[in-house]
Amino acid sequence: MSAGLVVAGQEARITALRVGKWFGEVIAVNNCSLSVGSGVVGLLGANGAGKSTLFKMLAGLIEPSHGEVRVLGARLRDRVGWYRNVGFCPESDALPEWMTGREYLSLMLRLMGLDRAETTRRADAWLERFELVDAANRRLGGYSKGMRQKLKLAQALAHDPEVIFLDEPLNGMDPVSRKGAIDLVGEIGRQGKTVLVSSHILPEIEAMTDQIILMDRGRVLAEGSVAEIRDKIPEHPTTVALVSPDPRALAAFLIGREHVEGVRIDDDQRVVVRTDHAVAFYRALPGWVRDHGLAVTEILTLDDSLEAVFQYLTAR
Amino acid sequence: MSETEIIQAAPPAPLPNRSAVGWIAWFSLREMARRRRLVSLGLINLLPVLAVLMVRIWLPDKGLTAHLQLMGLSHDMFIPFLIPVVAMAVGASAIGEQIEEGTIVYTWTRPVRRSAIYLGRLLAAQGVATVLLSLSLAMCFLVMVAGNLGVISWEFLKLYLQTFLIIGLGAFAYTALFALMGTVFKKPVLPAILFAFGYEKLVAGIPARVQELSLQFHLQNLVSRPEVVPGDIPGVLATLLNQARPRDPVPSWQSVLVLVVVAALTTVLGMQLLQHKEIEK
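Residues numbered from 1 in each chain as written. Chains lettered and ligands numbered in written order. Predicted model: local features only at pLDDT ≥ 70, side-chain atom pairs only at ≥ 80, totals over all residues.

### Structural notes on the overall build of chain B
Now for step 1: Helix and strand content of chain B: 12 helices and 1 strand.
Now for step 2: In chain B, the order of α-helices and β-strands from amino to carboxyl end is β-α-α-α-α-α-α-α-α-α-α-α-α.
Now for step 3: When each of the 281 residues of chain B is scored for burial, the buried share is 44%.
Now for step 4: For chain B, the proportion of contacts with a sequence separation of at least 24, taken over those separated by at least 6, is 86%. (Helix = DSSP H or I, 4+ residues; strand = E, 2+ residues; numbered from the N terminus. Buried ≥ 20, exposed ≤ 12 C-beta atoms within 10 Å, placed from the backbone. Contact = placed C-beta atoms within 7 Å.)

If you want it as structure tokens, here you go:
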């Protein structure tokens, strides 16, 4: 397993052990366990999957109904000193509207224990990085959604924390800013810091990392790289495209074969096969080609993407 | 999945309380001073000034001395009405509003103890309430003495200072109480109104020791009593004022103690509650 999720011997910077949270009769998070080391890990799930509740528990903002969470080995709620090493960007859009961008960022840095000179230096640097210098002395009430999002990111990162929680950080950003933020998250991950980033938009997560934790209805469905997760579910229907000089003959042969659910020829004259067991299909294909004189020049897996995996795992 | 826990040598220390309280109080003070509701609170605080102005314009020779006016204002306007209203407006929102808005998340994810956050916000609210009420009292003073410097005497100044202190003490106690309500209730306005204008009025009006269960009683108990000289108009007014006072006064030190204890207890309780509070937004 690559950077992000923890392998044996690696440091676990974020751990959750069988944590659950319910509000009245509503179960927001149910028996979740995870371990995150350095690097970027994406927390993926539809709206209402329990991502934000899990984030709040990890960041010490709410107490789990059961189970235990630790960040850098500590319960943040009890040991607030550890927040010096933690950055948190909430999903909520709320900001103190009366403050200017510079005042807000400066206060956040001062409350991290930085002195005046360092606060000024870092506030200037991060305002510039997020192209907020022109708006720095304007009140936050007049900021656009994208500007607010950038400032929320800046307050989470400006004190150079070791562990960073980013809850839907790209919401409301324009495409250019989004690209910049994605690059920034990657850069921070490569510095050896831990970034747990959530989103309900698959391409966003795919762009930031291939290490993911899939959540649905309050449960962790799977964790690992997209490929690893994909391998764990061989029964997941997969669509495969076969390139052949004689697609019609190939299609005719495949119809009705074991593990083949459907066959069609697409606009590129490829034979598109829907299989109910990818591993078995891949195992059988060379034999069919050899024994029946079929011509297959290329095999493409069309839906090995995160989206396909996610849709399969969260199918209701 | 396997994992290895990090073993930390020395945990990083939280921000020193004095520094954290100072920063939070300073920024909260600026935040509260910029809120729109301060304008309406300022207008309400003009009521005693208008009352003094009316007395000066229409009742200049009716025996309503500056002493009597001042005692009447503090007893019948500041204590039963203005102090609770101002304290409610700034106190109930001091903590609760940040939790409701979700902006408290930014201070909660700093190395700052929640007790320091509570104390910083509360001190700012108490400061705003005290300044608003004191400004009103200062304006009353100016209207009373403008062109009438003869009323200024040592006794009068002493009474003024005493009134400032009573109002300040009232603002501290009520604001602490309403800040606690704002921490407990999602929508604290109704319980705060019921307390200030239901419970307080009811209990303060009950004779014997029951009235001691209200803050209003203890504040009114601290207001000086005018000397009663039977026969003249001021004497009659003083008699009326005295009759409107608590019927069973207690020693001043006892009232001060009750107000200080209420402020301290509600503050400690509020800190404890915030410690276990969870953010939903």
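On we go from here.
### Digging into the overall build of chain A
Now for step 1: Tallying secondary structure elements over chain A gives 10 helices and 14 strands in all.
Now for step 2: Within chain A, counting contacts between residues at least 6 apart in sequence, those at least 24 apart form 70% of the total.

### Considering the domain arrangement of chain A
Now for step 1: The domains assigned to chain A are domain 1 (14–229) and domain 2 (233–313).
Now for step 2: Each of domain 1 of chain A and domain 2 of chain A has a C-alpha centre, and the two are 40 Å apart. (Domains from an automatic or database assignment.)

### Some details on the sheet that holds strand β5 (residues 66–71) of chain A
Residue and element names in this part refer to chain A.
Now for step 1: If you walk across this open sheet you meet the 3 strands as β3-β2-β5, and the pairing is antiparallel. A single partner strand is all that each edge strand has here, and the edge strands are β3 (26–36) and β5. Strand-to-strand, the axes of this sheet are offset by a mean angle of 25°, without reference to chain direction. (Pairing = 2+ DSSP bridges. Axes fitted to C-alpha atoms, helices over the stretch in contact; angles between N-to-C directions.)

### Quick notes on the sheet that holds strand β9 (residues 211–216) of chain A
Residue and element names in this part refer to chain A.
Now for step 1: Read from one edge of the open sheet, 6 strands run β6-β7-β8-β4-β9-β10, paired in mixed fashion. The sheet is open, and its two edges are formed by β6 (86–89) and β10 (219–225), each paired on a single side. Between one strand axis and the next, the sheet turns through 15° on average, direction left out of account.
Now for step 2: Summarising the sheet, β6 and strand β7 (residues 163–167) pair through 4 bridges and their orientation is parallel.

### So, the nonpolar core
Now for step 1: Judged by nonpolar contacts, the single largest core of 152 residues is most densely connected at A:Leu58, A:Leu105, B:Ile83, B:Val86 and B:Leu133.
Now for step 2: Top contributing element to this core by residue count: helix α7 (residues 114–145) of chain B, with 17 residues.
Now for step 3: By size, the runner-up hydrophobic cluster in this structure holds 9 residues, among which are A:Val263, A:Val273, A:Ala278 and A:Phe281. (Core = buried A, V, L, I, M, F, W, Y, C linked by C-beta atoms within 7 Å.)

### Some thoughts on helix α1 (residues 51–58) of chain A
One turn of the α-helix equals 3.6 residues, which is why residues spaced by three or four share an orientation.
All names here are of chain A.
Now for step 1: With 8 of 8 residues buried, α1 lies mostly within the body of the structure.
Now for step 2: Here α1 has its buried residues at Lys51, Ser52, Thr53, Leu54, Phe55, Lys56, Met57 and Leu58.
Now for step 3: Gly60, located one to two residues past α1, shows a positive phi value of around 80°.

### What about unusual backbone geometry?
Trans peptide bonds make up the majority, and among non-glycine residues the majority have a negative phi.
All names here are of chain A.
Now for step 1: For Asn31, which is not glycine, the phi torsion reads 55° and is therefore positive.
Now for step 2: Along the chain, Asn31 turns up in strand β3.
Now for step 3: Residue classification places Asn31 among the partly exposed positions, given that 14 C-beta atoms sit within 10 Å.

### Describing the pairing of strand β13 (residues 271–275) of chain A
Residue and element names in this part refer to chain A.
Now for step 1: Here β13 shows a buried face lined by Val271, Val273 and Thr275 and an unburied face lined by Val272 and Arg274.
Now for step 2: Alignment of strand β11 (residues 238–243) against β13, held across 5 bridges, turns out to be antiparallel. Within β13, the residue paired with Leu242 across the bridge is Val271.
Now for step 3: Taking the residues that link successive antiparallel strands as the turn, the strand β12 (residues 260–265)-β13 hairpin has 5 residues, and the phi of Gln269 there is positive, at about 65°.

### Details of the packing of helix α3 (residues 47–58) of chain B against α7(B)
All names here are of chain B.
Now for step 1: Packing of α3 against α7 leaves a shortest axis separation of 8 Å and a crossing angle of 10°. Taken as axis vectors, α3 and α7 run roughly parallel relative to one another. Between α3, through Pro48, Val49, Val52, Leu53 and Arg56, and α7, the contact on the second element is made entirely by Ser136, Met139, Cys140, Val143 and Met144.
Now for step 2: Tallied by class, residues from the contact of α3 with α7 come to 8 nonpolar, 1 polar and 1 charged. (Parallel < 35°, antiparallel > 145°, perpendicular 65-115°, else oblique. Nonpolar A, V, L, I, M, F, W, Y, C, P; charged D, E, K, R; others polar.)

### So, helix α10 (residues 215–222) of chain B
Residue and element names in this part refer to chain B.
Now for step 1: For α10, the tally of buried residues reaches 8 of 8 residues, placing the bulk of the element in the interior.
Now for step 2: Buried within α10 we find Leu215, Gln216, Phe217, His218, Leu219, Gln220, Asn221 and Leu222.
Now for step 3: Taken together, the buried residues of α10 touch α4 (66–94), α8 (154–184), α9 (189–204) and α12 (252–276).

### Re the packing of helix α2 (residues 101–110) of chain A against helix α3 (residues 116–129) of chain A
Residues and elements named next belong to chain A.
Now for step 1: With their axes 9 Å apart at the nearest point, α2 and α3 run at an angle of 130° to one another. Between α2 and α3, the crossing angle belongs to the class labelled oblique. In this structure, the crossing between α2 and α3 has a hand that is right-handed. Residue-level inspection shows Gly101, Arg102, Leu105, Ser106, Leu109 and Arg110 of α2 in contact with α3, the latter providing Thr119, Arg122, Ala123, Trp126 and Leu127.
Now for step 2: Broken down by class, the residue content of the contact of α2 with α3 amounts to 5 nonpolar, 3 polar and 3 charged. (Left-handed = near helix turned anticlockwise from the far one by under 90°.)

### Re the confidence of the model for chain B
All names here are of chain B.
Now for step 1: Looking at chain B, the pLDDT average stands at 86 and 86% of residues meet or exceed 70.
Now for step 2: When the elements of chain B are averaged for pLDDT, strand β1 (residues 4–5) gives the smallest value, 48, and α12 the largest, 95.
Now for step 3: Quick note on the complex model: pTM equals 0.81, ipTM equals 0.79. (pLDDT = per-residue confidence, 0-100.)

### Some words on the environment of B:His218
Residue and element names in this part refer to chain B.
Now for step 1: By the element assignment, His218 lies in helix α10.
Now for step 2: As for His218 and Pro251, which are separated by 33 residues in sequence, their C-alpha atoms are 9.6 Å apart.
Now for step 3: If we ignore the near neighbours within four places in the chain, the residues touching His218 are Ser255, Val258 and Leu259.

### Observations regarding the environment of B:Pro80
Now for step 1: Topologically, B:Pro80 is positioned in helix α4.
Now for step 2: Between the C-alpha atom of B:Pro80 and that of B:Ala196, which follows or precedes it by 116 residues, the distance is 8.4 Å.

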